[in-house]
Amino acid sequence: MSDDRPAPVLRAEGLVKTHHGEGAPAHAVRGVDLCVRPGEFVAITGPSGAGKSTLLHLLGGLQRPDAGRIWLDGESTDTYGEARWAVERRKRIGIVFQFFNLVSNLSVADNVELPALLAGTSPKQARAEREQLLAELGLTGKERSMPGELSGGEQQRVALARALVNHPPLLLADEPAGSLDSKGTREVMRLLSRFHQRGQTILLVTHDARLASAADRVISFFDGRIADDAELDGGTPPRRSGIAGVLELKD
Ligand SMILES: Nc1ncnc2c1ncn2[C@@H]1O[C@H](COP(=O)(O)OP(=O)(O)OP(=O)(O)O)[C@@H](O)[C@H]1O
């Protein structure tokens, strides 16, 4: 059967990851196949400890799988070491985390411009990109602030600007609202939906089913495996975005 859908931005086959810590080994990811196509907004949801963050870290090259393969835009990452992953991430993958991970001793402006400068963008262009993103994210006037002077919601918006400054084809978001109040949650989810509507491909990890409902494809993750995926269940057409439900979150 021919498949005339666009080629995947991200493809993974047979991913396995076991963490060896203090206690018994944690079999976090036990064999995952996944394909994310351009323009999709995919949510991976499941209970705490299911392995969602580990999977996202594997897909972003922040951790190495014990087995399995990952392709970015059709290119195998098999030969990538740490340095190459860092370069490819800068170009192709923006990441936002639960606790923002901003550089605390750099201003908002510098946090956002840094990945652009590291990717070889001219200072003038990096500044223009930063100005545009901060304006769009409602942060004009905060350029000289330090991250510690901002609310959680503002810090997450700065993190989003930083993640998107190089126009990566893929945005990975790991519990981006996990440390925010409901106002901050609404803001972040509204922004993710807005970027998605403009064509941004997004992979969101969340334990919160309400947030997952903002995506147009929801993958249920349980005990290191995909338990349910609309795509695998027969290519169900994307559901209408459930962002309205998220925006109704009460304080
Ligand atoms: N660096 C690590 N060292 C040892 N064990 C780890 C490590 N990271 C994760 N684990 C274990 O792997 C399993 C999966 O963790 P993971 O954080 O991927 O799950 P999760 O679904 O994202 O959970 P949560 O929603 O609580 O963040 C858990 O048992 C966890 O304790």
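Figured I'd write up the structure that's included with this text. The shown structure was predicted, so the numbers you read here are calculated from the model rather than taken from an experiment. (Residues numbered from 1 in each chain as written. Predicted model: local features only at pLDDT ≥ 70, side-chain atom pairs only at ≥ 80, totals over all residues.)

### Points about the overall build of the chain
A count of helical and extended segments in the chain gives 8 helices and 10 strands. Taken against the 2.2 N^0.38 rule, which gives 18 Å for 251 residues, the C-alpha radius of gyration of the chain at 18 Å falls within 12% of a compact globule. C-alpha extents for the chain along the principal axes are approximately 50 × 45 × 45 Å. In the chain, which comprises 251 residues, the share counted as buried stands at 42%. For the chain, the proportion of contacts with a sequence separation of at least 24, taken over those separated by at least 6, is 71%. (Helix = DSSP H or I, 4+ residues; strand = E, 2+ residues; numbered from the N terminus. Rg over C-alpha atoms; globule rule 2.2 N^0.38 Å. Buried ≥ 20, exposed ≤ 12 C-beta atoms within 10 Å, placed from the backbone. Contact = placed C-beta atoms within 7 Å.)

### Quick notes on unusual backbone geometry
Phi is positive for Asn101, close to 55°, though the residue is something other than glycine. For Asn101, the position within the fold is in the loop between strand E6 (93-96) and helix H3 (108-118).

### Regarding the sheet that holds strand E4 (residues 67-72)
With antiparallel pairing, the 4 strands of this open sheet are ordered in space as E2-E1-E4-E5. For this open sheet the edge positions go to strand E2 (26-36) and strand E5 (75-76), each flanked by a neighbour on one side alone. In the sheet, strand E1 (residues 10-19) pairs with E2 via 8 bridges, with the strands oriented antiparallel. Looking at the pairing, Arg11 lines up with Cys35 of E2. Set on the sheet, helix H1 (residues 52-59) makes contact with E1, E2 and E4; between it and E1 the angle comes to about 125°. (Pairing = 2+ DSSP bridges. Axes fitted to C-alpha atoms, helices over the stretch in contact; angles between N-to-C directions.)

### Here we look at the pairing of strand E3 (residues 41-45)
Extensive coverage of E3 is indicated by the burial of 5 of its 5 residues. Residue alternation in E3 divides its side chains into two sets, Phe41, Ala43 and Thr45 and Val42 and Ile44, and both sets are buried. For E3 and strand E8 (residues 201-206), the ladder comprises 5 bridges, and the chain directions are parallel. Note that in E8 the partner of Ala43 across the bridge is Leu204.

### As for the packing of H3 against helix H5 (residues 152-164)
Packing of H3 against H5 leaves a shortest axis separation of 7 Å and a crossing angle of 25°. Taken together, the axis directions place H3 and H5 in an arrangement best described as roughly parallel. Our pair here, H3 against H5, has a crossing hand that is right-handed. Listed contacts from H5 to Val108, Asn111, Val112 and Pro115 of H3 are Val158, Ala161 and Arg162. The residue inventory of the contact of H3 with H5, partitioned by class, reads 5 nonpolar, 1 polar and 1 charged. (Parallel < 35°, antiparallel > 145°, perpendicular 65-115°, else oblique. Left-handed = near helix turned anticlockwise from the far one by under 90°. Nonpolar A, V, L, I, M, F, W, Y, C, P; charged D, E, K, R; others polar.)

### With respect to the packing of H3 against helix H4 (residues 123-136)
The axes of two packed helices give the description: the angle between them and the distance between them. Across the interface, H3 lies against H4 with an axial gap of 9 Å and an inter-helix angle of 130°. Taken together, the axis directions place H3 and H4 in an arrangement best described as oblique. The two elements H3 and H4 cross, and the hand of that crossing is right-handed. Of the residues in H4, those touching H3 at Ala109, Val112, Glu113, Ala116 and Leu117 are Pro123, Ala126, Arg127, Glu129, Arg130, Leu133 and Leu134. Here the contact of H3 with H4 is composed, by residue class, of 8 nonpolar, no polar and 4 charged.

Any link to function would need more than the numbers given here.
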